[in-house]
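# Summary of the model geometry
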2 protein chains.
Amino acid sequence: MLIGSGNVSTHLFQAFSKVPDVEVVQVFSRTFSNDFPSNIQISDFTQISEADVYIICVSDNAIASVSDQLPFENRLVVHTSGSTNFDVLNAKNKRGVFYPLQTFSKHKEVDFNEIPICLETEKETDYEILEKLAKTISKSVNKIDGNQRKALHVSAVFVCNFVNHLYHIGSEICKENNIPFHILQPLIEETAEKIKTLSPEEAQTGPALRKDSKTIEKHIDFLTDSTQKEIYKILTNSIQNVEKL
Amino acid sequence: MLIGSGNVSTHLFQAFSKVPDVEVVQVFSRTFSNDFPSNIQISDFTQISEADVYIICVSDNAIASVSDQLPFENRLVVHTSGSTNFDVLNAKNKRGVFYPLQTFSKHKEVDFNEIPICLETEKETDYEILEKLAKTISKSVNKIDGNQRKALHVSAVFVCNFVNHLYHIGSEICKENNIPFHILQPLIEETAEKIKTLSPEEAQTGPALRKDSKTIEKHIDFLTDSTQKEIYKILTNSIQNVEKL
């Protein structure tokens, strides 16, 4: 049973639909969504059916109130949020977390099999069912407690959201100079690929690491946007302050 | 003819070695290097042979002085630097730039065929020979003028060097919380992969974009390092200030 109709719910639905042993009994969506079959969509909590697991995929702020409105008790209810404790869920149900560590965009398919799923349950006895479910769609299922999950979520902001913003800055600089951004794609991929075999410290290159102050100055002069200049400076300093192993 | 024995020279040598039609006549290296066959290594400019192209792969600051020491005139001499004009090369020779846009680490092989090579020559008539040479090792050969190359180099710092530093920060946060960093690898790869089909603006996700101030505050509280906090804040603000299309 999926509750919510956003990106996470849509991608989970697509993944579970391919598993013969798992049936998505219903999808709760306040307004009708074309991303799910109409015959399993409900928009009223009184219509809710029985299911082994209820996965709440709504924005962090709405998790508590949605869990309060569930018209049953003592069933397994989990949310999918990286930065939220399981205890925001109403205690009338058995509680847990089913956190897929990935970036979901509406129009980009993902291979769920490669996505690490981070699980936590309030009671040890509920872990097994959640693990069994997660393993039907992913080969990377991890027991992660609340504090670790928070750390992962913060890390994910750095290595995904912030990284993507640096891609954005790169593309802006290219645009201003009539360079097609795709020229940078092989470099972007190699940078991501490299840390499979090297640590990020071993993989670091560039003027900041070399303390090549002449190039650094030229780059800061070249940038016209004050925020870009500031980001350039703070990241350069931060690279130079990494303690050598 | 390759002049220099660093990462760029080593990787170029490996790439050219696979091309039957190209012979690396000599490699100039001040000290003996195990990365090149001993029979083609020289360490004295007086020993230099004739070649169609001389590729200077030394640190930016040394390019001018190396080119001054070349004991010949009117041959094609290029450097491989992203942030340096061709006119630092001594004008007694025909000048140009052969800039491979990639991050090179000693112990990480790269597929040169996928690496964009950015070419510039002082005289139009020299372009063809440089292009012919570049095309033997890469399918992406681009005519890029000095200003564009500077822009590309700055962009590359953002999308490669700075991105790798964000990977480093992610790995530090994981380390402090006993989480294996490789859990983040699929997210890192998907983030790099996504912008093949979406623009970075379309691909952006996360609390900054959602203006989810509760999560942003929790994350800043969670971070213990003051530089990490500062980077978190400035990148969050920068994401929120991207003009919507």
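### Some thoughts on the overall build of chain A
Per the secondary structure count, chain A includes nine helices and eight strands. Seen through its principal axes, chain A has C-alpha atoms that stretch 65 × 40 × 30 Å. A buried classification covers 57% of the 245 residues belonging to chain A. When contacts within chain A are restricted to residue pairs at least 6 apart in sequence, those whose partners lie at least 24 apart make up 50%. Total accessible area on chain A is roughly 11000 Å²; 45% of this is exposed by carbon and sulfur atoms. For chain A, the distance from the average position of its 25 positive side-chain charges to the average position of its 33 negative side-chain charges is 4 Å.

### Notes on the interface of chain B and chain A
Between chain B and chain A, the contact holds 88 residues from the first and 87 residues from the second. When the two sides are added together, the surface that chain B and chain A hide from each other amounts to roughly 8300 Å², 68% of it contributed by carbon and sulfur. Here chain B and chain A share two salt bridges between them. For Lys 196 of chain B, the salt bridge identified is with Glu 189 of chain A, shortest N-O distance 3.6 Å. Our count for the contact surface shared by chain B and chain A stands at 28 residue pairs in polar contact (both at pLDDT 80 or more). Contributions of two or more residues to the side of chain B that touches chain A are made by helix 4 (146–176), helix 5 (185–194), helix 6 (200–203), helix 8 (213–222) and helix 9 (226–240) of chain B. Tallying contributions element by element places helix 4 of chain B first for the side of chain B that touches chain A, with 26 residues. Of the residues that constitute the side of chain B that touches chain A, the class distribution is 41 nonpolar, 31 polar and 16 charged.

### Some words on the packing of helix 4 (residues 146–176) of chain A against helix 8 of chain B
Packing of helix 4 of chain A against helix 8 of chain B brings their axes to within 10 Å, and their N-to-C directions diverge by 105 degrees. Our classification of the angle between helix 4 of chain A and helix 8 of chain B gives roughly perpendicular. In this structure, helix 4 of chain A uses Asn 147, Lys 150, Ala 151, His 153, Val 154 and Val 157 of chain A to contact helix 8 of chain B, whose residues at the interface are Thr 215, His 219 and Phe 222 of chain B. Partitioned by chemical class, the residues of the contact of helix 4 of chain A with helix 8 of chain B number four nonpolar, four polar and one charged.

### As for the sheet that holds strand 1 (residues 2–3) of chain A
All names here are of chain A. Spatially, eight strands are ordered 3-2-1-4-5-6-7-8 in an open sheet, and the strand pairing comes out mixed. Only two strands of the sheet have a single partner each, and these edge strands are strand 3 (41–42) and strand 8 (141–143). Both strand 7 (residues 117–121) and strand 8 contribute to a ladder of three bridges, which runs parallel. What sits directly across from Leu 119, in strand 8, is Lys 143.

### Looking at the domain arrangement of chain A
Residue and element names in this part refer to chain A. The domain architecture assigned to chain A consists of domain 1 (2–144) and domain 2 (149–240). Once you take the C-alpha centre of each, domain 1 and domain 2 turn out to be 35 Å apart. Between domain 1 and domain 2, the contact holds 13 residues from the first and six residues from the second. Across the domain 1/domain 2 interface, buried area totals approximately 800 Å², and carbon plus sulfur atoms make up 61% of it. Our count for the domain 1 to domain 2 interface comes out at two residue pairs in polar contact (both at pLDDT 80 or more). Going through the elements one at a time, strand 6 (94–100) and strand 7 are the ones with two or more residues in the side of domain 1 that touches domain 2. For the side of domain 1 that touches domain 2, a count of residues per class yields six nonpolar, six polar and one charged.

### Describing the side chain of Ser 67 of chain B
Residues and elements named next belong to chain B. Along the chain, Ser 67 falls in helix 2 (residues 63–69). You can call Ser 67 buried: its relative accessible area is 2%. Of the polar contacts made by the side chain of Ser 67, one reaches the backbone oxygen of Ala 64; its length is 3.0 Å.

Here is what the cut-offs are and how they apply
- Residue positions are given per chain, counted from 1 along the sequence in the order it is written.
- Chain letters and ligand numbers both follow the written order, the letters beginning at A and the numbers at 1.
- Whole-chain, interface and lining totals are the exception, using all residues; otherwise, since this is a predicted model, local features are given only for residues with pLDDT of at least 70 and side-chain atom pairs are given and counted only at 80 or more.
- The side-chain figures draw on all heavy atoms in the structure; neither hydrogens nor water molecules are used.
- To qualify as a helix, a DSSP run of H or I must reach at least 4 residues; to qualify as a strand, a run of E must reach at least 2; elements of each kind are numbered from the N terminus.
- Each residue's exposure class comes from its accessible area (1.4 Å probe, protein chains only) as a fraction of the maximum for that residue type: buried when under 20%, exposed when over 50%, partly exposed otherwise.
- In this description, contact between two residues means that some pair of their heavy atoms is separated by no more than 4.5 Å.
- Computed with the Shrake-Rupley method and a 1.4 Å probe, the accessible areas treat only the protein chains shown as cover for residues.
- In this tally, Asp and Glu contribute negative charge and Lys and Arg positive charge; neither His nor the terminal groups of the chain are included.
- A single reference atom marks each charge: NZ on Lys, CZ on Arg, CG on Asp, CD on Glu.
- Throughout, buried area stands for the accessible area (probe radius 1.4 Å) lost by two parts on being put together, summed over both.
- The salt bridge criterion pairs a side-chain nitrogen of Lys or Arg with a carboxyl oxygen of Asp or Glu, the two atoms within 4 Å.
- Between N or O atoms, a polar contact is any pair within 3.5 Å; within protein, one atom must be a potential hydrogen donor and the other a potential acceptor, and residues adjacent in sequence are included only when both atoms are from side chains.
- Any residue that is not Ala, Val, Leu, Ile, Met, Phe, Trp, Tyr, Cys, Pro, Asp, Glu, Lys or Arg is counted as polar, Gly included; the first ten are nonpolar and the last four charged.
- A fitted line through C-alpha atoms serves as each axis, taken over the contacting stretch for helices, and the angle formed by two N-to-C directions is quoted from 0 to 180°.
- Should an angle fall under 35 degrees it is called roughly parallel, over 145 degrees roughly antiparallel, and 65 to 115 degrees roughly perpendicular, with every other angle called oblique.
- Between any two strands, pairing holds if DSSP finds at least two bridges.
- These domain limits were set by an automatic method or by a database of domain assignments.

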